[in-house]
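Close look at the chain arrangement
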Amino acid sequence: MQRTSFSDMPCPVARTLQHVGEWWSILILRDAHFGLTRFDQFQSSLGIAPTMLTRRLAALVEAGMLERRRYNERPPRDEYVLTARGRDFLPVLKAFKAFGEQHFPEAPRNEAGARPLS
């Protein structure tokens, strides 16, 4: 299935979605704002497949949201650090959080920590 490109659309919302509209991208940016920088940290936090994480990180680097920096030469290891553009995404994440808390609150848990089925 071919994905539609929004990069040439006149709407800034559509152009932004071109770069961060995939849910893994938004969650990676959330985790980066929490201080995660390394591949294994993102993978552990998100439970995302390595191939998908590799693609999403590369796309966020290409979009200028993250910068890839080498932190170890042998073996070669990189970390992913928020750029100014990535840091500017924080108000969007806060808006998502506020919207979710208001409109999609977490289901209450019972004493055993399980959520009721409904």
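Computed from a predicted model, the values in this text were never measured in an experiment. Along each chain, residue indices are assigned from 1 in the same order as the chain's sequence is written. pLDDT decides what is reported in this predicted model: residues at 70 or higher carry local features, side-chain atom pairs at 80 or more are listed and counted, and totals for whole chains, interfaces and linings draw on all residues regardless. Each side-chain value is worked out from all heavy atoms of the structure, with water and hydrogens disregarded.

**Thoughts on the overall build of the protein chain**
Numbered from the N terminus, helices here are DSSP runs of H or I no shorter than four residues, and strands are runs of E no shorter than two. Across its full length, the protein chain carries six helices and two strands. Ordered by position from N to C terminus, the α and β elements of the protein chain give α-α-α-α-β-β-α-α. Counting across all 118 residues of the protein chain, residues that qualify as buried make up 27%. Any pair of residues with heavy atoms lying within 4.5 Å of one another is described as a contacting pair. Taking the intrachain contacts of the protein chain between residues at least 6 apart in sequence as the baseline, contacts between residues at least 24 apart amount to 35%. Counting every atom, the protein chain has about 8700 Å² of accessible surface; 56% of that belongs to carbon and sulfur. Three labels apply to residues, based on accessible area from a 1.4 Å probe with only protein chains included: buried if under 20% of the type maximum, exposed if over 50%, partly exposed otherwise in between. Working definition of accessibility: Shrake-Rupley area with a 1.4 Å probe, residue cover restricted to the visible protein chains.

**Notes on the packing of aromatic side chains**
Centre distance within 6.5 Å is the pairing criterion for rings of Phe, Tyr and Trp, where only the six-membered ring of Trp is used; planes under 30 degrees apart are then read as stacked, over 60 as edge-to-face, and the remainder as tilted. Per the counting criterion, the structure on display carries one aromatic pair. Only when the NZ of Lys or the CZ of Arg is both within 6 Å of the ring centre and within 35 degrees of the ring normal is a charge said to sit over the ring. Of note, R38 hangs over the ring of Y71, and the distance from its end group to the ring centre comes to 3.7 Å.

**Concerning the packing of helix α2 (residues 23-33) against helix α4 (residues 50-62)**
Between α2 and α4, the shortest axis-to-axis distance is 10 Å and the interhelical angle comes to 75 degrees. Taken together, the axes of α2 and α4 are roughly perpendicular relative to one another. On α4, the residues that touch W24, S25, I28 and L29 of α2 are M52, L53, R56, L57 and L60. Here the nonpolar group is Ala, Val, Leu, Ile, Met, Phe, Trp, Tyr, Cys and Pro; Asp, Glu, Lys and Arg are the charged ones; every other residue, Gly included, is treated as polar. For the contact of α2 with α4, the class distribution of residues is seven nonpolar, one polar and one charged. A fitted line through C-alpha atoms represents every axis, and for helices the fit uses only the stretch in contact; the resulting angles, taken between N-to-C directions, go from 0 to 180 degrees. Roughly parallel refers to an angle under 35 degrees, roughly antiparallel to one over 145, roughly perpendicular to one between 65 and 115, and oblique to any angle outside these ranges.

**Regarding α4**
Since one α-helical turn is 3.6 residues long, residues separated by three or four positions face the same way. Here α4 spans 18 Å end to end across 13 residues, near enough to the 18 Å set by a 1.5 Å rise per residue. Within α4 the residues assigned to the buried category are L53, R56, L57 and L60. Buried residues of α4 fall within an arc of 100 degrees about the axis and therefore sit on the same side. Exposed residues lying more than 90 degrees from the buried face of α4 are T51 and E62. Among the residues trailing α4, G64 stands out with phi positive, at a value near 80 degrees. Helix span is expected to be 1.5 Å times the residue number reduced by one. Directions from the helix axis toward the C-beta atoms define the arc.

**Some thoughts on α2**
Of the residues making up α2, those classed as buried are W24, S25, I26, I28, L29, D31 and A32. Think of a polar contact as two N or O atoms within 3.5 Å of one another; within protein, one of them needs to be a possible hydrogen donor and the other a possible acceptor, and neighboring residues in sequence only count if both atoms come from side chains. Between a side-chain oxygen at the N-terminus of α2 and the backbone nitrogen of W24 the separation is 2.9 Å; the capping residue is E22. Once α2 ends, the next one or two residues include G35, with phi positive near 105 degrees.

**Focus: the pattern of salt bridges**
Pairing is possible between side chains of opposite charge, provided their charged atoms come close. Salt bridges, as used here, are contacts in which a Lys or Arg side-chain nitrogen is within 4 Å of a carboxyl oxygen on Asp or Glu. Here the structure, examined in full by the defined rule, presents six salt bridges. As a salt-bridge pair, R56 and E22 come within 3.6 Å of each other at their nearest N and O atoms. Remark: E22 occurs in the loop between α1 (12-20) and α2 and R56 occurs in helix α4; sequence separation between them is 34 residues. The residues R56 and E22 share a single accessibility class, namely buried. Taking the shortest distance from any N to any O, the salt bridge between E101 and K97 comes out at 2.8 Å. Residue E101 and its partner K97 are both found in helix α6 (residues 90-103); the two are separated by four residues, about one turn of the helix.

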